[in-house]
Amino acid sequence: MSIGTERFESLGHFLTYDPFHAAPRRVAVFTLQCRCCGFEPENVVTPPRICPKCHGETWERFARPGSILANANRY
């Protein structure tokens, strides 16, 4: 049997390298919330100086419920 023969029994059983494989989607683990009114700004890395809803200046960063498990399961 030569090397160039068709792979009829091992098709789909072994992982192969895929150079165009899409990276796993990122999961937002942490979120930001105003301590005074509970306002949550969208996609914020650094907190704004004042809250646009209540004009408070205290922010709290916490993990979203279930997001740590979703992040662990993506690999």
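Just so it is clear, the model here is predicted, and its values are computed rather than measured. (Residues numbered from 1 in each chain as written. Predicted model: local features only at pLDDT ≥ 70, side-chain atom pairs only at ≥ 80, totals over all residues. Heavy atoms only, no water.)

**Student:** How should I be thinking about the overall build of the protein chain in this particular structure?
**Tutor:** Summing up its helical and strand segments, the protein chain has one helix and two strands in all. In the protein chain, the succession of helices and strands from N to C terminus is β-β-α. In the protein chain, buried positions account for 12% of the 75 residues. Restricting the contact set of the protein chain to residue pairs at least 6 apart, pairs at least 24 apart contribute 48%. Of the roughly 7100 Å² of accessible surface on the protein chain, a fraction of 56% belongs to carbon and sulfur atoms. (Helix = DSSP H or I, 4+ residues; strand = E, 2+ residues; numbered from the N terminus. Buried < 20%, exposed > 50% of the residue type's maximum accessible area, 1.4 Å probe, protein only. Contact = heavy atoms within 4.5 Å. Areas by Shrake-Rupley, 256 points an atom, 1.4 Å probe, with all protein chains shown as cover.)

**Student:** I'm lost on the environment of Arg35 in this one. Help?
**Tutor:** Structurally, Arg35 is set in the loop between β1 (30-34) and β2 (59-63). Residue classification places Arg35 among the exposed positions, given a relative accessible area of 58%. For the pair Arg35 and Glu60, spaced 25 residues apart in sequence, the C-alpha separation works out to 6.2 Å. Residues in contact with Arg35, not counting those within four places in the same chain, are Thr58, Trp59 and Glu60.

**Student:** Looking at this structure, how should I read the confidence of the model for the protein chain?
**Tutor:** Close inspection of predicted coordinates is inappropriate in any region flagged by low pLDDT. Predicted confidence across the protein chain gives a mean pLDDT of 78, with 73% of residues reaching 70 or more. Considering each helix and strand of the protein chain separately, the mean pLDDT is smallest for helix α1 (residues 67-73), with a value of 75, and largest for β1, with 88. (pLDDT = per-residue confidence, 0-100.)

**Student:** How do you make sense of the side chain of Thr31 when you look at a structure like this?
**Tutor:** Structurally, the position occupied by Thr31 is in strand β1. The contact partners of Thr31, leaving out residues within four places of it in the chain, are Glu40, Glu60, Arg61, Phe62 and Arg64.

**Student:** Help me out: how do you make sense of the environment of Glu40 in this one?
**Tutor:** Structurally, Glu40 is set in the loop between β1 and β2. Apart from the residues within four sequence positions on either side, Glu40 is in contact with Thr31, Leu32, Gln33 and Phe62.

**Student:** Looking at this model, I keep getting lost on unusual backbone geometry. Mind explaining?
**Tutor:** Glycine aside, a negative phi is what most residues show, and trans is what most peptide bonds show. Although it is not a glycine, His55 adopts a positive phi angle of roughly 65°. Mapped onto the elements, His55 comes out in the loop between β1 and β2.

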